[in-house]
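Below are the chains, spelled out letter by letter.
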Amino acid sequence: FFFFFMEENAIILATAGGLLRGVFSYIFFFFFPIRMLSEATQQILDQNLDFNLRYDSEDEMGVLCSSFEQMRLKLSENYSEMWNMLEERRLLQASIAHDLRNPIAVIEGYTEYLQLNLKKGRLSEQRILKIAENINMSAKRLDNYTESVRTLNQMEDIELKRQKISASDLLSDI
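Every value quoted in this text rests on a predicted model; they were computed, and no experiment measured them.

**Observations concerning the overall build of the protein chain**
Consideration 1: Secondary structure assignment for the protein chain yields 4 helices and 0 strands.
Consideration 2: Along its sequence from the N terminus, the protein chain presents helices and strands in the succession α-α-α-α.
Consideration 3: Relative to a compact globule of 174 residues, whose C-alpha radius of gyration would be 16 Å, the protein chain shows 37 Å and is clearly more extended.
Consideration 4: Referenced to the eigenvectors of the C-alpha coordinate spread, the extents of the protein chain come out at roughly 130 × 50 × 20 Å.
Consideration 5: Relative to its full complement of 174 residues, the protein chain shows a buried share of 12%.
Consideration 6: In the protein chain, of all internal contacts separated by at least 6 residues, the share reaching a separation of at least 24 is 57%.
Consideration 7: Surface exposure of the protein chain reaches about 14,800 Å², of which carbon and sulfur atoms provide 60%.
Consideration 8: Once the 19 positive and 26 negative side-chain charges of the protein chain are each reduced to a mean point, those two points are 15 Å apart.

Encoded structure:
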C-alpha cells in the first residue's frame, strides 16, 4: 500500500512538474516574444519607428523577432528617404513658383500699362511693338519653365542604366 501511494504521488508530481514546465515554457518562450511583437506592431501602426525590438534567443521566436527588427529598420530607412524626397520636391516646387512669378509680373505690368495708356492715345506704335516683344519674351520664359517641369517629371520615370565609359567618350558626347 505504501509503495502504491508513493507511485501515485510520483505520477502526480511528474504530471504537476510537466504542467509547470509547460506553463513556464509558454511564458518564457512564447508569451513574452509574442507580447513584444504585438507591442512593436502597434508602434508601427502608430507610425512610431523609433524603438528597438530585442529578444536574445536563437530559437524560432528569436529569429522571428530579429526579422521583425530588420523590417522595422528598413521601414525607418525608407521613411527617411521618402521624407527627404518630399522635402526636395517641396523646395523644387517653391523654386519653380518663384521663377514663374517674374514673367507673370512682367506680363501683368505691361497689360495694365497698355490698358491705361492705349485709351488715352499716349503710346506710339514703336512703343507698343516694344511692349509686345517684352510680353512675348515673358511668355516664352513661361513656356520654357513649364517645359522644364514637364522634363523633370518625365525624368522621374526614367530607369537609370549605369555603365562605365571612357573619359574621351564622355568629352566627345559633351
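**Quick look at the pattern of salt bridges**
Consideration 1: Per the stated rule, a full pass over the model turns up 6 salt bridges.
Consideration 2: One salt bridge connects Arg54 with Asp56, and the closest N-O pair in it is separated by 3.0 Å.
Consideration 3: Classification of Arg54 by relative accessible area gives exposed; the value is 63%.
Consideration 4: With relative accessibility at 63%, the residue Asp56 sits in the exposed group.
Consideration 5: Note that Lys74 and Glu77 form a salt bridge whose closest N and O atoms lie 3.9 Å from each other. Taken together, the residues span about one helical turn, with Lys74 and Glu77 both in helix α2 (residues 60-119) at a distance of 3 residues.
Consideration 6: Accessibility expressed as a relative area gives 46% for Glu77, which makes it partly exposed.

**Regarding helix α3 (residues 125-157)**
Consideration 1: Look at α3: 48 Å from first C-alpha to last across 33 residues, which is about the 48 Å you get at 1.5 Å a residue.
Consideration 2: Of the positions making up α3, those classed as buried are Ile131, Asn134, Ser138 and Leu142.
Consideration 3: Against the buried residues of α3 lie α2.

**Things to note about α2**
Consideration 1: With 60 residues, α2 extends 87 Å from end C-alpha to end C-alpha; this agrees with the ideal 88 Å at 1.5 Å per step.
Consideration 2: For α2, the set of buried residues is Met61, Gly62, Cys65, Phe68, Glu69, Arg72, Pro103, Leu114 and Asn117.

**Overview of the nonpolar core**
Consideration 1: Residues Leu37, Ala40, Phe51, Leu53, Tyr55, Met61, Cys65 and Phe68 constitute the largest nonpolar core, which totals 8 residues.
Consideration 2: When residues of this core are traced back to their parent elements, those giving at least two are α1 (2-45) and α2.
Consideration 3: Top contributing element to this core by residue count: α2, with 3 residues.
Consideration 4: Apart from residues lying up to four places away in sequence, Met61 is in contact with Phe29, Phe30, Pro33, Ile34, Leu37 and Tyr55.

**What about the environment of Lys119?**
Consideration 1: Along the chain, the position of Lys119 falls in helix α2.
Consideration 2: Along the sequence, Lys119 and Asn52 sit 67 residues apart, while their C-alpha atoms lie 74 Å from each other.

**Things to note about the side chain of Ser138**
Consideration 1: With respect to the element layout, Ser138 can be found in helix α3.
Consideration 2: In this view, Ser138 contacts Pro103, Val106 and Ile107; residues no more than four positions away in its chain are not counted.

**A closer look at a nonpolar patch on the surface**
Consideration 1: A cluster of nonpolar side chains, Leu92, Leu152, Met155, Ile158 and Leu160, forms an exposed patch at the surface whose accessible area comes to about 510 Å².
Consideration 2: Tracing the sequence through the fold places Leu92 in helix α2.

Reading guide: rules and limits
Throughout this document, residue positions are counted from 1 along each chain, in the order its sequence is written. Local features in a predicted model are, by the rule used here, given only for residues with pLDDT of at least 70; side-chain atom pairs are given and counted only at 80 or more, and totals for whole chains, interfaces and linings are based on all residues. No hydrogens and no water enter the side-chain calculation; it runs on all heavy atoms of the structure. Strands here mean DSSP runs of E at least two residues long; helices mean DSSP runs of H or I at least four residues long; both are numbered from the N terminus. Our radius of gyration is a C-alpha quantity, and the globule rule it is checked against amounts to 2.2 Å times the number of residues to the power 0.38. Residue burial is assigned from relative accessible area. The probe radius is 1.4 Å, only protein chains are included, and a residue is buried under 20% of its type maximum, exposed over 50%, and partly exposed in between. In this description, contact between two residues means that some pair of their heavy atoms is separated by no more than 4.5 Å. Each accessible area is a Shrake-Rupley estimate made with a 1.4 Å probe; only the visible protein chains count as cover when residues are assessed. When charges are counted, neither His nor the chain ends are considered; positive counts come from Lys and Arg and negative counts from Asp and Glu. Charge positions come from single atoms, namely NZ of Lys, CZ of Arg, CG of Asp or CD of Glu. Just to be clear on terms, a salt bridge is a Lys or Arg side-chain nitrogen sitting within 4 Å of an Asp or Glu carboxyl oxygen. Helix span, as expected, comes to 1.5 Å for every residue beyond the first. Buried residues of nine kinds, namely Ala, Val, Leu, Ile, Met, Phe, Trp, Tyr and Cys, make up a nonpolar core once their side-chain atoms join them within 4.5 Å. Patch members must show over 30% relative accessible area and no salt bridge, and they are joined within 9 Å when carrying like charges or within 5 Å when they are nonpolar side chains of Val, Leu, Ile, Met, Phe, Trp or Tyr.

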